[in-house]
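# A structural walkthrough
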Amino acid sequence: GGSNCATGKDGPEIQPQPAVWTNPADSSTWAYVASYFHGAAAYKIAVDGSGKPSLSQQWTGANCTTPVYANGIVYCLAGNKVVALDAATGASIWNSTALGTIHWQSLIVVDEHVYATDGGSQLWSFLLDGVFRGKFE
């Protein structure tokens, strides 16, 4: 790779998987990505009449990683907190209390909960209503 290649130390590579949402207002498809030191961003995916796809940046947000989507909200890890962002605007909805040390963890959404683990082997659970419900060991 050349000088523009992401190295994992200083590059803008995407971390780790994008989240996807179909906006019910206009049936557009959006992708949410987070990159090393550049935070979260939302892109609307468009396809022109000849079938050529393009991305249009809609917003940039919190310096966070591992975005997941559920019920109109993008959840991601920012430092040692879970943050919730409005999917359409990127506006901050809420931040969790501090979790333990976060390094290489990812969020998952299962059955109306967002789950996060921390470096202390704790499992944290958040209902999708945005209210913290507790941690599990």
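Look a little higher up for the structure.
Residues numbered from 1 in each chain as written. Predicted model: local features only at pLDDT ≥ 70, side-chain atom pairs only at ≥ 80, totals over all residues. Heavy atoms only, no water.

So, on to the state of the cysteines. One pass over the structure, following the stated rule, counts one disulfide. Between Cys64 and Cys76 runs a disulfide, and the two sulfur atoms are separated by 2.1 Å. Disulfide Cys64-Cys76: the torsion about the S-S bond is -75°, which places it as left-handed. With Cys64 in the loop between strand S4 (53–60) and strand S5 (65–70) and Cys76 in strand S6 (residues 73–78), this residue pair connects regions lying twelve residues apart in the sequence. Of the two residues, Cys64 and Cys76, neither departs from the other in class, the shared state being buried. (Disulfide = S-S within 2.5 Å. Helix = DSSP H or I, 4+ residues; strand = E, 2+ residues; numbered from the N terminus. Buried < 20%, exposed > 50% of the residue type's maximum accessible area, 1.4 Å probe, protein only.)

Another point: the environment of Asn63. Mapped onto the fold, Asn63 is located in the loop between S4 and S5. For Asn63, a relative accessible area of 52% corresponds to the exposed category.

To continue, consider the side chain of Asp118. Mapping Asp118 onto the fold places it in the loop between strand S10 (113–117) and strand S11 (123–127). The class for Asp118 is buried, based on a relative accessible area of 6%. Separated by 3.0 Å, the side chain of Asp118 and the backbone nitrogen of Gln122 make a polar contact. With residues up to four places along the chain from it excluded, the contact list for Asp118 reads Leu99, Gly100, Thr101, Ile102, Gln105 and Trp124. (Polar contact = N/O pair within 3.5 Å; in protein donor to acceptor, adjacent residues only side chain to side chain. Contact = heavy atoms within 4.5 Å.)

Tallying each qualifying case throughout the model produces one salt bridge. A salt bridge links Lys44 to Asp26; the nearest nitrogen and oxygen atoms lie 3.5 Å apart. Highlighted residues: Lys44 in strand S3 (residues 39–47) and Asp26 in the loop between strand S1 (14–22) and strand S2 (29–35), separated in sequence by 18 residues. A residue is classified by how much of its surface remains accessible, and Lys44, at 24% relative accessible area, is partly exposed. For Asp26, a relative accessible area of 43% translates into the label partly exposed. (Salt bridge = Lys/Arg side-chain N within 4 Å of Asp/Glu carboxyl O.)

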